[in-house]
Amino acid sequence: MNTKIKKAVIPVAGLGTRFLPATKVIPKELLPIVDKPSVQYIVEEAVASGIEEIILVTGRGKQSIMDYFDYAPELENILEKREKFDLLNQIKKPAELANFFTVWQSRPLGLGHAILCAEDVVGDEPFLVCLPDEVLDAENPSSKELIDAYAKYKSSIIGLQQVEKERVNLYGIVAALPVTDRCFEITNLIEKPNAEEAPSNLSIVGRYVLNPKIFKCLRRVTPGINGEIQLTDALNLLLKKEKIYGQEISGTRYDTGDKLGFLKANLAFGLKREEFREELKNFVQNLGRSL
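Since we're looking at a predicted model, the values are computed, not measured.

> How do you make sense of the pattern of salt bridges when you look at a structure like this?
For the structure shown, the criterion picks out 17 salt bridges. We note a salt bridge from aspartate 35 to arginine 273, for which the minimum N-O separation is 2.9 Å. Of this pair, aspartate 35 sits in the loop between β2 (32–33) and β3 (36–37) while arginine 273 is found in the loop between α10 (259–271) and α11 (274–290), placing the two residues 238 residues apart along the sequence. Residue classification places aspartate 35 among the partly exposed residues on the basis of a relative accessible area of 48%. Relative accessible area serves as the criterion here: at 24%, arginine 273 is assigned to the partly exposed category. Residue lysine 144 is joined to aspartate 148 by a salt bridge in which the shortest nitrogen-to-oxygen separation is 3.1 Å. Highlighted residues: lysine 144 and aspartate 148, both in helix α7 (residues 142–153), separated by four residues, approximately one helical turn. Residues joined by salt bridges that share partners form a network here, namely Asp35, Arg273 and Glu275.

Structure, rendered in structure tokens:
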């Protein structure tokens, strides 16, 4: 089994119901954070972490995502004739980030099902999973922290971050034993427990490095509500056979699949841009005074 992590699976077949009516015609993954689709931030993070191949698990109504990561000859020719070379480079960049593959998920049957759809392309090697709804703003690519941890432990690694106790019901939470200051051996995974039942405040971030044995576990999972196959259930099955570790990863997490999280991400990334920073800062301060 090849242990070099060169493939990343990014599930993009979700319906995006929280952003209706806009997502009736625009995939939620293409909604921009400032001027770049949220999914591009995810792909760039994966590539910066050493990933060479991006596997997009897609579905009905998501053709525009594949188009986005392709060349656009007509538009490129127009920009070149008009000598708008900066814009030309920007629109060509997505296609040049990595080698892209697409896998069809005929029905949205959960994250576990989406990952299972990618089995034939992934093959018998460990792989990275990045959820497009979770954008991480970090000095160094967060996924690389997981890839480095996998190189050390040779077991599946789950990205973790601490959350406030009163917010554990919004996340998958792990029970875990400390191995180092930032690494843990996971003993159980619980999906959205209430505060009284939560074994810790370590929440699962949408980043995983998974051993290919996960596919066998995904096939054994009993589908839940709406026939969905949950990755958490498969990971608990895998735990019975081998160790799984959790790595606290750095960076600020933005849930861009949530309206408030999406607004926060736009504000935060806008303030990072020099051309917007001062005017946007003044606008927010003045807006705060008027409320």
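> Whenever I open this one, the side chain of lysine 7 confuses me. Can you help?
As for its placement among the helices and strands, lysine 7 is situated in strand β1 (residues 7–11). Separated by 3.2 Å, the side chain of lysine 7 and the backbone oxygen of valine 122 make a polar contact.

> Would you explain the packing of aromatic side chains in this entry?
Counted according to the given criterion, the structure contains seven aromatic pairs. Measuring from centroid to centroid gives 5.2 Å for tyrosine 68 and phenylalanine 69, while their planes differ by 90 degrees, and the two rings are edge-to-face. Look at tyrosine 68 and you get partly exposed, because its relative accessible area is 26%. Clustering of aromatic rings is evident, with ring pairs tying together Tyr41, Tyr254 and Phe269.

> Mind showing me how you'd approach a positive patch on the surface here?
Taken together, the side chains of Lys216, Arg220, Lys240 and Lys241 define a basic patch exposed on the protein surface. Looking at the secondary structure, you find arginine 220 in helix α8 (residues 214–220). Judged by relative accessible area, arginine 220 falls into the partly exposed class, the value being 48%.

> What is the right way to look at a nonpolar patch on the surface in this model?
On the surface, Leu267, Leu271, Phe283, Val284, Leu287 and Leu291 cluster together into a nonpolar patch covering about 550 Å² of accessible area. For the nonpolar patch, the secondary structure elements donating two or more residues are α10 and α11. By residue number, the principal contributor to the nonpolar patch is α11, which donates three residues. The topology assignment puts phenylalanine 283 in helix α11.

> Quick question: what am I supposed to make of the environment of phenylalanine 262 here?
Positionally, phenylalanine 262 belongs in helix α10. Note on phenylalanine 262: relative accessible area 14%, which makes it buried. Here the alpha-carbon distance between phenylalanine 262 and alanine 48, two residues 214 residues apart in the chain, equals 23 Å. Excluding anything up to four places from it in sequence, phenylalanine 262 contacts Phe19, Leu31, Pro32, Ile33, Asp255 and Thr256.

> What is the right way to read unusual backbone geometry from this model?
Following leucine 20, the chain continues to proline 21 via a peptide bond in cis, the omega torsion being 10 degrees. Looking at where proline 21 falls in the secondary structure, it is placed in the loop between β1 and β2. One non-glycine residue, lysine 154, lies in positive phi territory at about 55 degrees. By the element assignment, lysine 154 lies in the loop between α7 and β8 (157–162). You will see that lysine 192, though not glycine, has its phi angle at about 50 degrees, which is positive. Within the secondary structure, lysine 192 sits in the loop between β10 (183–191) and β11 (202–210).

> Even after reading the chapter, I still don't get α7, so can you show me in this structure?
Within an α-helix, residues lying three or four positions from one another point in the same direction, as the helix has 3.6 residues per turn. Look at α7: 17 Å from first C-alpha to last across twelve residues, which is about the 16 Å you get at 1.5 Å a residue. Listed as buried for α7 are Ser142, Ser143, Glu145, Leu146, Ile147, Ala149, Tyr150 and Tyr153. Lysine 154 occupies a position one or two residues after α7 and carries a positive phi of about 55 degrees.

Here is what the cut-offs are and how they apply
- Within each chain, residues carry numbers counting from 1 in the order of the written sequence.
- Reporting of local features is limited, given that this is a predicted model, to residues whose pLDDT is at least 70; pairs of side-chain atoms are given and counted only at 80 or more, and all residues count toward the totals for whole chains, interfaces and linings.
- Only hydrogens and water are set aside when side-chain values are computed; all heavy atoms of the structure are taken into account.
- Each salt bridge in this description consists of a side-chain nitrogen of Lys or Arg and a carboxyl oxygen of Asp or Glu lying within 4 Å of one another.
- Secondary structure elements follow DSSP: runs of H or I no shorter than four residues count as helices, runs of E no shorter than two count as strands, and numbering proceeds from the N terminus.
- Exposure is judged per residue with a 1.4 Å probe applied to protein chains only, and the accessible area is read against the type maximum: over 50% gives exposed, under 20% gives buried, and values in between give partly exposed.
- Residues adjacent in sequence count toward polar contacts only when both atoms are side-chain atoms; beyond that, a polar contact is any pair of N or O atoms within 3.5 Å, and within protein one must be able to donate a hydrogen and the other to accept it.
- Planes of paired rings set the category: under 30 degrees apart is stacked, over 60 is edge-to-face and the rest tilted, where pairs are Phe, Tyr or Trp rings (Trp by its six-membered ring) whose centres lie within 6.5 Å.
- To count toward a patch, a residue needs a relative accessible area over 30% and no salt bridge; like charges are then connected within 9 Å, while nonpolar side chains (Val, Leu, Ile, Met, Phe, Trp, Tyr) are connected within 5 Å.
- Exposure was quantified through the Shrake-Rupley algorithm and a 1.4 Å probe, taking into account, for residues, occlusion by the shown protein chains and nothing else.
- Positive charge is attributed to Lys and Arg, negative charge to Asp and Glu, and no charge count is given to His or to the chain ends.
- Each charge is placed at NZ for Lys, CZ for Arg, CG for Asp and CD for Glu.
- Contacts between residues were defined by any pair of non-hydrogen atoms, one from each residue, lying within 4.5 Å.
- To estimate how far a helix should reach, multiply one less than its number of residues by 1.5 Å.

From the geometry alone we can't say anything about function, so treat these as descriptive.
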